[in-house]
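Listed below are the residues making up each chain.
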Amino acid sequence: SQRRRLALLALVAAAGPAGVSRDRVLALLWPEADEARARHSLGQLVYGLRRDAGGRDVILTDGDLRLDPAVVDVDLW
């Protein structure tokens, strides 16, 4: 779970302000899972990141997934 959490952060950070589609993330992180299971797993990862950040939304989920620049500072950008 920790590796996937870091992979999700890396994917979203690398996508920049435009973000990355959920479908792309699901295909990369859960290629073997059916769509419902993969979407549930993604939701759990996003929830875990929010919990770890003290309730702040690290990943914005309206539309494509992207990091909130008000919460996260990314050197890559």
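Residues numbered from 1 in each chain as written. Predicted model: local features only at pLDDT ≥ 70, side-chain atom pairs only at ≥ 80, totals over all residues. Heavy atoms only, no water.

> Just give me the short version of the pattern of salt bridges, but keep the residues and values in it.
Applying the stated criterion to the full structure yields 7 salt bridges. One salt bridge in this structure joins Asp23 and Arg39, with 3.1 Å as the shortest N-O distance. Linking Asp23 in helix α2 (residues 22–29) with Arg39 in helix α3 (residues 35–52), this pair joins segments that are 16 residues apart in sequence. The class for Asp23 is partly exposed, based on a relative accessible area of 49%. The class of Arg39 is partly exposed, set by a relative accessible area of 35%. Of the charged contacts, one joins Arg50 and Asp57 as a salt bridge, the two residues approaching to 2.4 Å between their closest N and O atoms. For Arg50, a relative accessible area of 28% translates into the label partly exposed. On the basis of relative accessibility, which here comes to 34%, the residue Asp57 falls in the partly exposed class. Linked by salt bridges that have partners in common, Arg5, Arg51 and Asp52 make up one network. (Salt bridge = Lys/Arg side-chain N within 4 Å of Asp/Glu carboxyl O. Helix = DSSP H or I, 4+ residues; strand = E, 2+ residues; numbered from the N terminus. Buried < 20%, exposed > 50% of the residue type's maximum accessible area, 1.4 Å probe, protein only.)

Just geometry here; none of it tells us what the structure is for.
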